[in-house]
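Now for the letters of each chain:
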Amino acid sequence: MAVFQAALVNEIEKLYKKKKALVAVILTLAIIVIGQLVIVGVRSGFGVRGVGSVEFSMLVLSVVINTILPLFTALIVIDSFSGEFAANSMRITLTRPVSRFKLFSAKLTAVAVFILTALMLLLIFSLLAGFLFNANSASLGDVARIVVAYLMSLLPLFVLALGIALAANILRSGISVFFLAVLGFIVFQGLGMFFTRYSGLLITTELSWYNLWLASTLPLGKIIREFLIMVGYAIILFTAGFYLFDKKEF
Amino acid sequence: MKIQKKTAMLLSFALGTLLLAGTAIADISSQSGYGQLKDSLKLTAAKCSDSYNSFTMDFSTAVTDNGKTVTSSDSVQKYDRAKNAVESVNTSENNGQKSRFYSYMDASTTISQNPSDDIYYVNQYSEPTKRAFFTDPFKSSNSEDIEKIADAVVGGLKDYVVVKDNADGSKELSGTLTEVQIPPLVNAVASLQVKQLFSNPNQTTHITKDIYVKEIKGTALINKDGVLESILGTGILSGKDAQGQVHELTFELLGKLTGINSTAVTKPDLTGKKVVQQVISKPNSGPGISDPQKFVGTFKNDIVSQKDGEFVKAGERIIDITHMDGKTVAGSYHEEYAAGFAANQKPPQDFKFTATLNKGPNQDPQGAEFTVPGTNTKGNIHFDEALGQVYFNINGPSSQAFNSVFNKVFK
């Protein structure tokens, strides 16, 4: 465990020192500012309230979960794998007394930490902006729902990250992985729109599963099914990704 | 060690696949509350249009402002397949003003009454036709597209519909969306719509700012046959008027299906009521000619020319209707010129015609078309019952102005 911890700290530090993570954080905050400006504009321009204090957080989440967050998750994962393959720095990491399994897990855990941090920052700042600039409409239950919705969004984003990690271990070039990820994302989004019956199986649809947690009466059956589907995806993608990572020669 | 790792990997891969496949099948076969509602709606529409002999549909809407009714409407429609009859009563109240519209239709009659007067307008069809009884909206060509759009809009909210199974096999569906759950875009668009609805400053309710959808609620009852018996939807919006006073607007929509196979539609008794009656050959065509015999006779108009800066009569156009019944018309047309005018003209028209009165849909049932014998020239004739006139036209280039209005020649 100590070895894994060391590897994880190492990966997180690498992530932290990279500009990309910082840019991601700055961009997410910019989204909040722009979003709030748009809302204020709509309110004074059209006379429509737009959002209340807590709804603003949900508006922010519904936008970033389909745009910025998957995009930066992809960038971070690609950097962590393809980037290190290309820079040959993976060799250095592998010379340490860490098994490949632990290293692979540590890398993905670091990605999960990044996603969670981004989500929490978004949550805190959107709530702050929401309460400062919008009419108060919050009840304690609503805030609790929103916190749960943000936390739950970690799961589908992490599954997405696993998928991209698999792609990064198949394709050599980071750029092709990135384009494959973006293309796949768009295609899946489109499929989900046309085949609504099967959309529950697509990971891009799972991205908005946080909606299920907002319901007044929790649709437990659906939540369990979606959860199991995501766990199934996670196991498959993790195993396949690790298999390739384990076989790789550096 | 190496083998162990491989086995572990295989096992976990198999486990993941099983988990995914199993849940996927369960997910596809499971029907969300929204899906059940949709299925029930389709089944209800199909049963109403194909199998139920009679039923009553009742739709009512109401808009209240802080509990005070702004507008309300109620529409009761009774369908009876055996009689091929539909009776509908629409009542509405707008800012305290009530109005009622009544209509009755069967194969040979339509009766309607306007809210503004007490007169019953009756259309009697000489050829009884089977009416489209109740058309299934889901069978129209673009219903599938609309359904797809609706599915996309509902999207992640599908699972907010809670289903409660009752002991007798019926189901209660319900759903509530509060501010947090309503997608912000839906909220904004709905708010804008409502703002436009109440934008007139003369209205008692005139909201201008801070408009938002507060809550959307819905309940539905599906009976044991899967037919939707009632559906109630409520939307609550909040907004402020120019004075900053908060208005809470409630929109309610209630639909009910009752009297399945036990609704009776009776033709209203109009004795002693003010009635305006018209005879029409069939629905969707204008009124036919009620007593065609009266058009037999001569109709004329003058051929007018100019001479020395004055209008002068150059002659007459004459139509002789020799035979006329509800189906055919026969007669002749000729022109008579006064001395001194005939020389300027090409040989005057003189021909006999027979024609069949128009019967097709979207055709003038008081008119007929004919061909001038020995030529390809077509012409048409129209009988005006109210004015006792005949309109007569011959197609093709005409060297002079042709007056197509012919007046009856009285003896």
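All of these numbers come straight from a predicted model, not from anything done at the bench.

### Things to note about the layout of surface pockets
All names here are of chain B.
Link 1 in the chain: Here the second largest pocket is characterised by a volume of approximately 1,400 Å³.
Link 2 in the chain: Taken together, 45 residues make up the lining of the second largest pocket; nearest its centre are Y34, L37, L41, V154 and I231.
Link 3 in the chain: The leading source of residues in the lining of the second largest pocket is strand β10 (residues 228-241), at 7 residues.

### Quick word on the pattern of salt bridges
Link 1 in the chain: Across all of its chains, the model carries 20 salt bridges over all chains by this definition.
Link 2 in the chain: Across the pair D210(B) and K240(B) runs a salt bridge whose closest N-O atoms are separated by 3.3 Å. Note that D210(B) is positioned in strand β9 (residues 207-222) and K240(B) in strand β10, a separation of 30 residues in sequence.
Link 3 in the chain: Note on K240(B): relative accessible area 27%, which makes it partly exposed.
Link 4 in the chain: Among the charged side chains, a salt-bridge network with shared partners connects E11(A), K14(A), E84(A) and K107(A).

### Here we look at empty space enclosed by the protein
Residues and elements named next belong to chain A.
Link 1 in the chain: Using the criterion set out here, one finds 1 cavity of 30 Å³ or more in the structure.
Link 2 in the chain: Considering only enclosed or pocket space, the largest cavity measures out at about 40 Å³ in volume.
Link 3 in the chain: Where the lining of the largest cavity is concerned, the elements lending two or more residues are α1 (2-17), α4 (68-87) and α6 (100-133).
Link 4 in the chain: Residue classes in the lining of the largest cavity are distributed as 4 nonpolar, 1 polar and 5 charged.

### Considering helix α4 (residues 184-197) of chain B
Link 1 in the chain: Look at α4(B): 20 Å from first C-alpha to last across 14 residues, which is about the 20 Å you get at 1.5 Å a residue.
Link 2 in the chain: Taken together, the buried positions of α4(B) are P184(B), N187(B), S191(B) and V194(B). An end-on view of α4(B) places all buried positions within 95° of arc, on one side of the element. Exposed and oriented more than 90 degrees from the buried face of α4(B) are L185(B), Q193(B), Q196(B) and L197(B).
Link 3 in the chain: Those residues of α4(B) that are buried are in contact with α3 (53-64) of chain A together with β9, β10 and β11 (246-258) of chain B.

### Notes on the confidence of the model for chain B
Link 1 in the chain: Of the residues in chain B, 94% reach a pLDDT of 70 or more, and the chain-wide mean stands at 85.
Link 2 in the chain: Here strand β12 (residues 275-280) of chain B stands out as the element of chain B with the lowest mean pLDDT, 77, in contrast to strand β1 (residues 54-65) of chain B, whose mean of 93 is the highest.

### Details of the interface of chain A and chain B
Link 1 in the chain: Taken together, the contacts link 42 residues of chain A with 38 residues of chain B.
Link 2 in the chain: With both sides pooled, the region where chain A packs onto chain B buries about 3,600 Å², and carbon together with sulfur makes up 65% of that total.
Link 3 in the chain: Summed over the shared surface of chain A and chain B, the result is 3 salt bridges.
Link 4 in the chain: We note a salt bridge from D246(A) to K5(B), for which the minimum N-O separation is 3.0 Å.
Link 5 in the chain: The interface formed by chain A and chain B includes 7 residue pairs in polar contact (both at pLDDT 80 or more).
Link 6 in the chain: Those elements that place two or more of their residues in the side of chain A that touches chain B are α2 (19-46), α3, α7 (140-152) and α11 (220-247) of chain A.
Link 7 in the chain: Tallying contributions element by element places α11(A) first for the side of chain A that touches chain B, with 14 residues.

### Concerning the pairing of strand β7 (residues 162-165) of chain B
Residues and elements named next belong to chain B.
Link 1 in the chain: Sheet topology places β7 next to strand β8 (residues 171-178); 4 bridges connect them, and they run antiparallel. Paired with V163 across the strands is L173, a residue of β8.
Link 2 in the chain: In this structure, the hairpin formed by β7 and β8 is closed by a connection of 5 residues, where G169 is found at a positive phi of approximately 95°.

### Description of the domain arrangement of chain B
Link 1 in the chain: According to the domain assignment, chain B consists of domain 1 (33-258) and domain 2 (292-408).
Link 2 in the chain: Inter-centroid distance (C-alpha atoms) of domain 1 of chain B to domain 2 of chain B is 54 Å.

Calculation criteria
Residues numbered from 1 in each chain as written. Chains lettered and ligands numbered in written order. Predicted model: local features only at pLDDT ≥ 70, side-chain atom pairs only at ≥ 80, totals over all residues. Heavy atoms only, no water. 1 Å grid on protein atoms, 1.4 Å probe; cavity = no way out; pocket = protein on both sides within 12 Å on 5 of 7 lines; lining within 4 Å. Points joined across faces, edges and corners; volume = space filled by probe spheres on them. Helix = DSSP H or I, 4+ residues; strand = E, 2+ residues; numbered from the N terminus. Salt bridge = Lys/Arg side-chain N within 4 Å of Asp/Glu carboxyl O. Buried < 20%, exposed > 50% of the residue type's maximum accessible area, 1.4 Å probe, protein only. Nonpolar A, V, L, I, M, F, W, Y, C, P; charged D, E, K, R; others polar. Expected span 1.5 Å × (residues − 1). Arc of directions from axis to C-beta. Contact = heavy atoms within 4.5 Å. pLDDT = per-residue confidence, 0-100. Buried area = accessible area lost by both parts, 1.4 Å probe. Polar contact = N/O pair within 3.5 Å; in protein donor to acceptor, adjacent residues only side chain to side chain. Pairing = 2+ DSSP bridges. Domains from an automatic or database assignment.

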